[in-house]
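Each chain is listed here by its residues.
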Amino acid sequence: MPIWAQAGLWGSVAGGALVVGALVAWLTAVPQRVVASVMAFGAGVLISALAFDLVDEAERSGGLLATVVGFLAGAVAYLLSNLVLARRGARHRKRSGTQQPSEQDHDGSGSAIAIGALLDGIPESVVLGLSLLGGNGVGIPVLAAIFISNLPEGLSSAAGMKRSGRSARYVFGVWVGVALASGVAGLLGCLLLQGASAQVVAVITALAAGAILTMVADTMIPEAFERTHLYAGLFATAGFLTAFTIGRAG
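Since the structure is predicted, the reported quantities are computational estimates derived from the model, not experimental observations.

Some words on the overall build of the protein
Move 1: Of regular secondary structure, the protein possesses eight helices and zero strands.
Move 2: For the protein, the α and β elements follow one another from N to C terminus as α-α-α-α-α-α-α-α.
Move 3: Relative to the 2.2 N^0.38 estimate, which gives 18 Å for 250 residues, the radius of gyration of the protein is 17 Å and therefore close to what a compact globule would have.
Move 4: Counting across all 250 residues of the protein, residues that qualify as buried make up 48%.
Move 5: Contacts in the protein between residues far apart in sequence, at least 24 positions, make up 84% of those at least 6 positions apart.
Move 6: On the protein, roughly 11,000 Å² of surface is accessible, and the fraction owed to carbon and sulfur atoms is 70%.
Move 7: Across the protein, the 14 positively charged side chains and the 13 negatively charged ones have centroids separated by 7 Å.

Printed below as a string of structure tokens:
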């Protein structure tokens, strides 16, 4: 199978975890404290992958300057996009409670939430595609981190969508669409950057990492802390150590 096709496949697999999480939330009444605890765990997993895989690899292959520039650019790009979406009703798209507005509360919020979900998932999938460029197969630690963190993201957000009165067609339309888009993003990330210089790949990797870290701090950690309070740090630590162990064991 061509590398770009593998990237598309793994991007879809990682994005599929969002659908699984959404299905669990739709079929069962998962307590919000449990959702928040798993969200904290997922945040720790992503932070570990960022620190020990993405940013570290970008710096070693492309240098410190390329990494810093890309990382800051990703953070700023995500922030600006998120500010626009927040004004349109997508500010609490990962919340499992009643914070998400319905279409009656905020006209156009359904589209904004869908676009926000896409914004959250694309950088992760691009990183998966880039991990294949070295010719050694998909980066298992990164794949595991994204898959593990996507489960609580889909679970929490879908629970919030359900509470705000969104239909099953909307909820699963969003998450299946994001999963498919994740596959396309992974494919394009690999296909378009084949043969690119190490610095260019480092900048793109760091850019995605900056966007992911900003997403974690802005959307995942608030949901986790609101319900678990002082326990959020412990769950995040457990997630961090889990991802670190997977990376070192692999």
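Quick word on the nonpolar core
Move 1: In terms of nonpolar packing, the biggest core is built from 22 residues, with Leu54, Ile212, Met215, Val216 and Met220 touching the most fellow members.
Move 2: Mapped onto this core, the elements with two or more residues apiece are α2 (32-62), α4 (109-131), α5 (140-163) and α7 (198-228).
Move 3: Apart from residues lying up to four places away in sequence, Leu54 is in contact with Ala49, Val127, Val142, Thr205, Ala209 and Ile212.
Move 4: Counting residues in each nonpolar core, the second largest holds 19 residues, with Leu85, Leu155, Val171 and Val174 among its members.

What to know about helix α1 (residues 3-27)
Move 1: In this model α1 runs 36 Å from its N-terminal to its C-terminal C-alpha over 25 residues, within 8% of the 36 Å that 1.5 Å per residue would give.
Move 2: Ala7, Gly8, Gly11, Ala14, Gly15, Gly16, Ala17, Leu18, Gly21, Ala22 and Ala25 are the residues of α1 that are buried.

Considerations on the environment of Val38
Move 1: Mapped onto the elements, Val38 comes out in helix α2.
Move 2: Given the relative accessible area of 35%, Val38 is considered partly exposed.
Move 3: Sequence separation between Val38 and Gly116 is 78 residues; the distance between their C-alpha atoms is 21 Å.

Comments concerning the environment of Leu207
Move 1: Among the secondary structure elements, Leu207 is positioned in helix α7.
Move 2: Other than its neighbours up to four places away in sequence, Leu207 contacts Gly70, Phe71, Ala73 and Gly74.

Examining the packing of α1 against helix α6 (residues 168-193)
Move 1: For the pair α1 and α6, the least separation of the axes is 7 Å and the interaxial angle reads 160 degrees. Classified by the angle their axes make, α1 and α6 are roughly antiparallel. As for how α1 packs across α6, the hand of that crossing is right-handed.
Move 2: In terms of residue class, the contact of α1 with α6 is made up of 18 nonpolar, eight polar and no charged.

Focus: the packing of aromatic side chains
Move 1: All told, the structure shown has three aromatic pairs when counted by the stated rule.
Move 2: Among the aromatic residues, ring-to-ring pairing joins Phe52, Phe240 and Phe244 into one connected group.
Move 3: Seen from the ring of Trp26, Lys162 lies directly overhead, with NZ or CZ sitting 5.3 Å from the centre.
Move 4: Taking the ring centre of Tyr170 as reference, the NZ or CZ of Arg166 above it sits at 5.1 Å.

Considerations on a nonpolar patch on the surface
Move 1: A contiguous nonpolar patch, built from Trp4, Val184, Leu188, Leu191 and Leu192 and spanning about 470 Å² of accessible area, is present on the exposed surface.
Move 2: Checked against the element boundaries, Leu192 lands in helix α6.

Some points on the packing of α1 against α5
Any two packed helices are characterised by how steeply their axes cross, that is the angle between the axes, and by the distance between the axes.
Move 1: The N-to-C vectors of α1 and α5 enclose an angle of 35 degrees; their axes lie 7 Å apart at closest approach. The two elements α1 and α5 cross, and the hand of that crossing is right-handed. In this structure, α1 uses Trp10, Val13, Ala14, Gly15, Ala17, Leu18, Val20, Gly21, Ala22, Val24, Ala25 and Trp26 to contact α5, whose residues at the interface are Leu143, Ile146, Phe147, Asn150, Leu151, Glu153, Gly154, Leu155, Ala158, Ala159 and Lys162.
Move 2: Residue composition of the contact of α1 with α5, by class: 17 nonpolar, four polar and two charged.

Regarding the UniProt feature "transmembrane region" (unreviewed entry) in the protein
Move 1: In the UniProt entry, the feature "transmembrane region" (unreviewed entry) is given for residues 6-27, 34-52, 64-85, 126-148, 168-193, 200-217 and 229-247.
Move 2: In this annotation, residues 200-217 is assigned 100% helix and 0% strand; the end-to-end C-alpha distance for the span is 26 Å.

Definitions and limits used
Residues numbered from 1 in each chain as written. Predicted model: local features only at pLDDT ≥ 70, side-chain atom pairs only at ≥ 80, totals over all residues. Heavy atoms only, no water. Helix = DSSP H or I, 4+ residues; strand = E, 2+ residues; numbered from the N terminus. Rg over C-alpha atoms; globule rule 2.2 N^0.38 Å. Buried < 20%, exposed > 50% of the residue type's maximum accessible area, 1.4 Å probe, protein only. Contact = heavy atoms within 4.5 Å. Areas by Shrake-Rupley, 256 points an atom, 1.4 Å probe, with all protein chains shown as cover. Lys, Arg positive; Asp, Glu negative; His and termini not counted. Charge placed at Lys NZ, Arg CZ, Asp CG, Glu CD. Core = buried A, V, L, I, M, F, W, Y, C linked by side-chain atoms within 4.5 Å. Expected span 1.5 Å × (residues − 1). Axes fitted to C-alpha atoms, helices over the stretch in contact; angles between N-to-C directions. Parallel < 35°, antiparallel > 145°, perpendicular 65-115°, else oblique. Left-handed = near helix turned anticlockwise from the far one by under 90°. Nonpolar A, V, L, I, M, F, W, Y, C, P; charged D, E, K, R; others polar. Phe/Tyr/Trp six-rings, centres within 6.5 Å; stacked < 30°, edge-to-face > 60°. Lys NZ or Arg CZ within 6 Å of the ring centre and 35° of its normal. Patch = residues over 30% accessible without salt bridge, like charges linked within 9 Å, V, L, I, M, F, W, Y side chains within 5 Å. Salt bridge = Lys/Arg side-chain N within 4 Å of Asp/Glu carboxyl O. UniProt positions renumbered as here; feature names shortened; annotations may be inferred.

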